[in-house]
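Structure at a glance
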Amino acid sequence: MHFSESRNTTRWIIIFISFSIISLILWNTYTFFQIFKNEERLKMNILANAQKTIINADEYADLDLPLEITNSNSSVPVMLVMYDKVINSKNVPDEILNDKEKFKSYLNKLKNENEPIIFEYAPGKHQELYYGNSALLNKLKYYPIALLLIIFLFAALIYNFYKSTKMATQNKLWAGMAKETAHQIGTPLSSLIGWVEILKTEEIDQTITSEIEKDVERLQTITDRFSKIGSVPVLENLDVVSETLNTFEYLQSRFSKQVAFSYQTPEKPIFALINPILHSWTIENLIKNAIDAMKGKGTLDLQIEQDNHHVKINIKDSGTGISKNQFKTIFEPGFTTKKRGWGLGLSLTKRIVEEYHSGKIKVLNSEIGKGTTFQISLNKKVQ
């Protein structure tokens, strides 16, 4: 508990320091931008005074310095205007000066960027000096935006890394809990196996002990399932038909008679590389999901078919159906339409089929109010 609180405090301190550094960088950038802008304003005032000196000069005036000042501007676009006519310009493209519409638009742009400098070169006579931002100043203007974008992307990367790490930790925790659950079940299960053997020696109806033995075997299967979570399963070349029917028939005998089970399968075996424990879990999840969709009453049909390369298992129910926009989302972890449940069954089924068996699972078809068909497709093993 103390470790968790300390880690949260450290995280918030790092966030606060990062935010402070970002704010400082942005403030310094803005300050530098304003200083540079004021420096350009000062240069334009000097240029305006130089222009005023050139206009008022007589034949004996020394114009070397004023001309040097006006010619030294190589980056700032400048237009001298008098009575709405351009007297002189610098760093402005000719195509703008020769086009009235472009000139008007460009002049408005300069007005928006900087306040024009109006100077009186003779009593009652004025000129207006319009100037824009230099290329360097424009780059500085967009620098904070670029910086914020980089920071945003960096923050998104950190968040994604943190989330992935957290999910990986949670997955390890759940895998560890599953293995521990399997270990804990193992002790009473061993005892139950012993009691079943004793019951066999007593004068008890063998059908009862046979059913108890099936349930004990089922508990062993469930224990094996949990023990395999987080491990790479071993695949075996087995008959998909018989392995599927074993699970189907076991569940059929333990559900209400209000569910009408039926199946159509090939008479010959179809072989594929599967893990029998995980394959059984897949079929069980789909059958239980179908019965939940029917609210414990309806028809459930299992069909196994094949083509040249695949064996396909179709499980069809007469339940409530699924809308088309949910065909993919139902396989996402946490998605459920039931009031109770964690929404992990179909997600786990998809992982078993696609990651462990290199197969495919999908909603083959569904109609609201009429039912749904799920299809598992596995790669056949050539004999």
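Residues numbered from 1 in each chain as written. Predicted model: local features only at pLDDT ≥ 70, side-chain atom pairs only at ≥ 80, totals over all residues. Heavy atoms only, no water.

For the record, the criterion: UniProt positions are given in the numbering used here, feature names are shortened, and annotations may be inferred rather than shown by experiment.
The chain is annotated in an unreviewed UniProt entry as histidine kinase of Flavobacterium chungangense. What the UniProt record of the chain gives under Catalytic activity (unreviewed entry) is the line "ATP + protein L-histidine = ADP + protein N-phospho-L-histidine."

**Looking at the side chain of Asn-314**
Rules: Strands here mean DSSP runs of E at least two residues long; helices mean DSSP runs of H or I at least four residues long; both are numbered from the N terminus. Within 3.5 Å is the distance limit for a polar contact, defined as a pair of N or O atoms, with the added protein rule that one can donate a hydrogen and the other accept it, and that residues adjacent in sequence qualify only through two side-chain atoms. For this analysis, residues touch if any pair of their heavy atoms sits within 4.5 Å.
Summarising the element assignment, Asn-314 is placed in strand E9 (residues 310-317). Engagement of the side chain of Asn-314 in a polar contact is seen with the side chain of Gln-375, the distance being 3.0 Å. Apart from residues lying up to four places away in sequence, Asn-314 is in contact with Asp-301, Leu-302, Gln-303, Glu-305, Leu-364, Thr-373, Phe-374 and Gln-375.

**Let's talk about a nonpolar patch on the surface**
What counts, and what does not: What goes into a patch is any residue over 30% in relative accessible area without a salt bridge, connected to like charges within 9 Å or, for nonpolar side chains (Val, Leu, Ile, Met, Phe, Trp, Tyr), within 5 Å. Using the Shrake-Rupley algorithm and a 1.4 Å probe, accessible areas are obtained, with residue cover drawn only from the displayed protein chains. Note on definitions: salt bridges are taken to be side-chain nitrogens of Lys or Arg within 4 Å of carboxyl oxygens of Asp or Glu. In this scheme, a residue with accessible area under 20% of its type's maximum is buried, one over 50% is exposed, and one in between is partly exposed, where area comes from a 1.4 Å probe on protein chains only.
On the surface, Ile-13, Phe-16, Ile-17, Ile-21, Ile-25 and Tyr-143 cluster together into a nonpolar patch covering about 580 Å² of accessible area. A per-element tally of the nonpolar patch places helix H1 (residues 2-56) first, with five residues. Within the secondary structure, Ile-13 is located in helix H1. Looking at Ile-13, the relative accessible area reads 45%, which means it is partly exposed.

**Quick word on helix H4 (residues 100-113)**
Quick note on the threshold: Helix span, as expected, comes to 1.5 Å for every residue beyond the first. Picture the helix axis, draw a direction to every C-beta atom, and the arc is the one those directions span.
Here H4 spans 20 Å end to end across 14 residues, near enough to the 20 Å set by a 1.5 Å rise per residue. Among all positions in H4, only Phe-103, Tyr-106, Leu-107, Leu-110 and Glu-113 are buried. Buried positions in H4, seen along its axis, are confined to an arc of 120 degrees and lie on one side of it. Residues Glu-101, Lys-104 and Asn-112 are exposed on H4 and point more than 90 degrees away from its buried face. One side-chain oxygen of the residue at the start of H4 lies 3.0 Å from the amide nitrogen of Glu-101, identifying that residue as Asp-99.

**Regarding the packing of aromatic side chains**
For clarity, the threshold we go by: Note on aromatic pairs: the rings of Phe, Tyr and Trp (six-membered ring only in Trp) are paired at centre separations within 6.5 Å, and the planes decide the class, stacked below 30 degrees, edge-to-face beyond 60, tilted for the rest. We call a charge positioned over a ring when the NZ of a Lys or the CZ of an Arg lies within 6 Å of the ring centre and within 35 degrees of the ring normal.
All chains considered together, the criterion is met by four aromatic pairs. With a centroid separation of 5.4 Å and 75 degrees between ring planes, the pair formed by Phe-248 and Phe-261 is classed as edge-to-face. Of this pair, Phe-248 sits in helix H7 (residues 240-252) while Phe-261 sits in strand E6 (residues 259-264), and the two are 13 residues apart along the sequence. Neither residue differs from the other here; Phe-248 and Phe-261 are each classed as buried. Between Phe-331 and Phe-374, the ring centres sit 6.2 Å apart and the planes meet at 90 degrees, which makes this aromatic pair edge-to-face. Of this pair, Phe-331 sits in the loop between E9 and helix H9 (345-356) while Phe-374 is found in strand E11 (residues 371-379), placing the two residues 43 residues apart along the sequence. Residue Phe-331 shares its accessibility class with Phe-374, and that shared class is buried. The cationic tip of Lys-350 hangs over the ring face of Phe-331; the distance from NZ or CZ to the ring centre is 5.4 Å.

**Topic: unusual backbone geometry**
Positive phi is not limited to glycine here, since Asn-91 has a value of about 65 degrees. Among the secondary structure elements, Asn-91 is positioned in the loop between strand E2 (85-90) and helix H3 (94-97). Look at Ser-358: it is not a glycine, yet its phi comes out positive at around 55 degrees. Structurally, Ser-358 is set in the loop between H9 and strand E10 (360-367).

**Notes on the environment of Ile-22**
Take Ile-22: it is sitting in helix H1. Note: C-alpha distance between Ile-22 and Leu-148 (126 residues apart in sequence) is 8.5 Å.

**What to know about the confidence of the model for the chain**
Keep in mind that low pLDDT regions are not for reading the predicted coordinates in detail. Counted only if it meets this: By definition, pLDDT measures how confident the predictor is in each residue, and it falls between 0 and 100.
Averaged over every residue, the pLDDT of the chain is 81; residues scoring 70 or more account for 86%. Element-level pLDDT for the chain is lowest in helix H5 (residues 135-201), with a mean of 72, against a maximum mean of 96 in E9.

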